[in-house]
Amino acid sequence: MTDVVITGTGLYTPEHAIGNDALVASFNTWVEQENARNAEAIAAGECESLAYSSSEFIEKASGIKSRYVLDADGILDPQRMRPKLPQRSDDEPSVQCDMALNAATQALQTAGVDAQDIELVIVGCSNLERAYPAVAVEVQDALGAQGYGFDMNVACSSATFAIETATNAIVSGSVKRALVVNPEICSAHLNFRDRDSHFIFGDACTAVVLESKHVATASEQYEVLGTKLVTRFSNAIRNNAGFLNRVMDSDPLASDKLFVQEGRRVFKEVCPLVAKLITQHLTSLALNSADLKRMWLHQANRHMNDLIARKVLGIDPDEIQAPIILDRYANTSSAGSIIAFHLHREGLVSGDIGVICSFGAGYSAGSIILQRV
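Residues numbered from 1 in each chain as written. Predicted model: local features only at pLDDT ≥ 70, side-chain atom pairs only at ≥ 80, totals over all residues. Heavy atoms only, no water.

Named according to an unreviewed UniProt entry, the protein chain is Beta-ketoacyl-ACP synthase III originating from Halomonas llamarensis.

Engineer: Help me understand the pairing of strand β1 (residues 4-12), please; the structure alone is not making it clear to me.
Structural biologist: Look at any regular strand and the pattern is simple: side chains alternate between the two faces of the sheet. Of all nine residues in β1, nine are buried, a share of seventy percent or more. As paired strands, β1 and strand β7 (residues 203-212) are joined by eight bridges and run antiparallel to one another. Looking across to β7, one finds that L11 is bridged to T206. (Buried < 20%, exposed > 50% of the residue type's maximum accessible area, 1.4 Å probe, protein only. Helix = DSSP H or I, 4+ residues; strand = E, 2+ residues; numbered from the N terminus. Pairing = 2+ DSSP bridges.)

Engineer: It is not clear to me how the packing of helix α8 (residues 263-284) against helix α9 (residues 302-313) should be interpreted in this structure. Could you clarify?
Structural biologist: Two measures define how a pair of helices packs: the angle their axes make with one another and the distance between the axes. Remark: α8 packs on α9, axes separated minimally by 9 Å, with the N-to-C direction vectors making an angle of 35°. At the point where α8 passes α9, the crossing takes the right-handed sense. Taken together, the residues of α9 that come into contact with α8 (itself represented by V266, F267, V270, C271, V274, A275, I278, T279 and L282) are H303, M304, L307, I308, K311 and V312. Taken together, the residues of the contact of α8 with α9 sort by class into 12 nonpolar, two polar and one charged. (Axes fitted to C-alpha atoms, helices over the stretch in contact; angles between N-to-C directions. Left-handed = near helix turned anticlockwise from the far one by under 90°. Contact = heavy atoms within 4.5 Å. Nonpolar A, V, L, I, M, F, W, Y, C, P; charged D, E, K, R; others polar.)

Engineer: Any chance you could explain the sheet that holds strand β6 (residues 177-185) here in plain terms?
Structural biologist: Working definition: the strands of a sheet are paired by backbone hydrogen bonds and lie parallel or antiparallel to each other. Read across the open sheet, the nine strands follow the order β5-β4-β6-β7-β1-β8-β13-β12-β11; overall the sheet is mixed. Single-partner strands in this sheet number two, and they are β5 (148-152) and β11 (292-297). Strand-to-strand, the axes of this sheet are offset by a mean angle of 25°, without reference to chain direction. Bridge analysis of β11 against strand β12 (residues 353-360) gives five bridges, and the strand direction is parallel. Across the sheet, R294 pairs through a bridge with G354, a residue of β12.

Engineer: Would you mind showing me how to read the UniProt feature "domain: Beta-ketoacyl-[acyl-carrier-protein] synthase III C-terminal" (unreviewed entry) in the protein chain here?
Structural biologist: UniProt feature "domain: Beta-ketoacyl-[acyl-carrier-protein] synthase III C-terminal" (unreviewed entry): in the numbering of this structure it lies at residues 286-371. Taken end to end, residues 286-371 has its terminal C-alpha atoms 14 Å apart, with 29% of it in helix and 26% in strand. (UniProt positions renumbered as here; feature names shortened; annotations may be inferred.)

Engineer: What's the story with the side chain of S158 in this structure? I'm lost.
Structural biologist: Mapped onto the secondary structure, S158 falls in helix α7 (residues 158-172). Among the polar contacts listed, one links the side chain of S158 to the backbone nitrogen of V154, at a separation of 2.8 Å. Setting aside chain neighbours within four positions, we find S158 in contact with G124, C125, S126, M152, N153, N182 and S334. (Polar contact = N/O pair within 3.5 Å; in protein donor to acceptor, adjacent residues only side chain to side chain.)

Engineer: Even after reading the chapter, I still don't get unusual backbone geometry, so can you show me in this structure?
Structural biologist: What is expected of a backbone is that most residues other than glycine have negative phi and most peptide bonds are trans. Going from Y132 to P133, the amide bond is cis rather than trans, its omega being 0°. When you line up the elements, P133 lands in the loop between β4 (120-124) and α6 (135-143). Between G362 and Y363 the backbone carries a cis peptide bond, its omega angle lying at -10°. Tracing the backbone shows Y363 in the loop between β12 and β13 (364-372). Here A330, not a glycine, exhibits a phi torsion of approximately 60°, which is positive. Within the secondary structure, A330 sits in the loop between α10 (326-329) and α11 (335-343).

Engineer: Just to check I follow, could you spell out the packing of aromatic side chains for this structure?
Structural biologist: Geometry of an aromatic ring pair is reported as the spacing of the ring centres plus the angle between the planes. Under the definition given, this model contains seven aromatic pairs. With a centroid separation of 6.4 Å and 15° between ring planes, the pair formed by Y148 and F150 is classed as stacked. Overall, the relative accessible area of 27% leaves F150 in the partly exposed class. A centroid spacing of 4.8 Å and a plane angle of 75° characterise the contact between W296 and F341, whose relative ring orientation is edge-to-face. Taken as a pair, W296 in strand β11 and F341 in helix α11 lie far apart in primary sequence, 45 residues in all. Overall, F341 belongs to the buried group, its relative accessible area being 0%. Aromatic ring contacts, followed pair by pair, group Y222, W296 and F341 into a single cluster. Over the ring of F57 we find R195, and its NZ or CZ is 4.1 Å from the ring centre. Stacked on the ring of F341, the Lys or Arg R345 has its end atom at 4.7 Å from the ring centre. (Phe/Tyr/Trp six-rings, centres within 6.5 Å; stacked < 30°, edge-to-face > 60°. Lys NZ or Arg CZ within 6 Å of the ring centre and 35° of its normal.)

Structure (structure tokens):
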């Protein structure tokens, strides 16, 4: 069997950042305006007044302190409360293509690989900006890569599912090198007028280069010891936006066309699912939790990460064992676990083992167990 190694990673971070205080100020201004507009109905008991948000509430609930976004002005405008991005012509690179090129260029440089040697490009993310042509094929063309490319969506698990797909392609011998890119524009599908979720997401793009070990030359390599995926259907995290909306005459601006979740239910159902996935994956490879030096987990909620790591490791994890990046990046969907891997793999030596693990809507979860070469 062909050994597969990760030889490079890249990260695109938008230039705009929004701290909790600024986000809360915008949200609370909107709440005040809405409560004033509906004052008579509220007084008559016909509707309830909207509750204010606070930075303390956000940090306590999630551990998030800030987030990067493609556009801050539109989000912070109480009359708009969503990003404002200029529409591009069909002859211009798409927004996600631009993000992907930035992250991919970094990953290729780290790996010491020329773009023309890439034979497979997978773009995996929670939301693609168009139905077709595939963003991956656009990225392939813009990079000058060879072979083929395609898009895939498994929500927050898109990166790990794409890594397994790329790994299998290399193991089968159909390609020698693959590129996985995750351009997540989460701010575009977030309801900034929902108190329970207006703070959750940020924007980012990650990239991972995978190669057959016998052609890899990078000084830093991580062998893919195994991959394990699981899905279980749930409506607890959902987004109903789609091309059938127009023929069903549904409201394109309705709240269900954006991110919707039952937070407590997700916490209760997903944490044991993920902990079991990692534990069983380790066992299948004749490993145990004591062998794990690093857990690069999906970055959705600090409490979820702490609980999953504690269930797997049997101890309270420190931030070296289970690094947290969501405090400054927020939830970047499939990019989150890859950001953690990209930024926090220092100190690992040859033979050390870690796991990249994602989890999210579907439910979906993916485990990629790596060993530093």
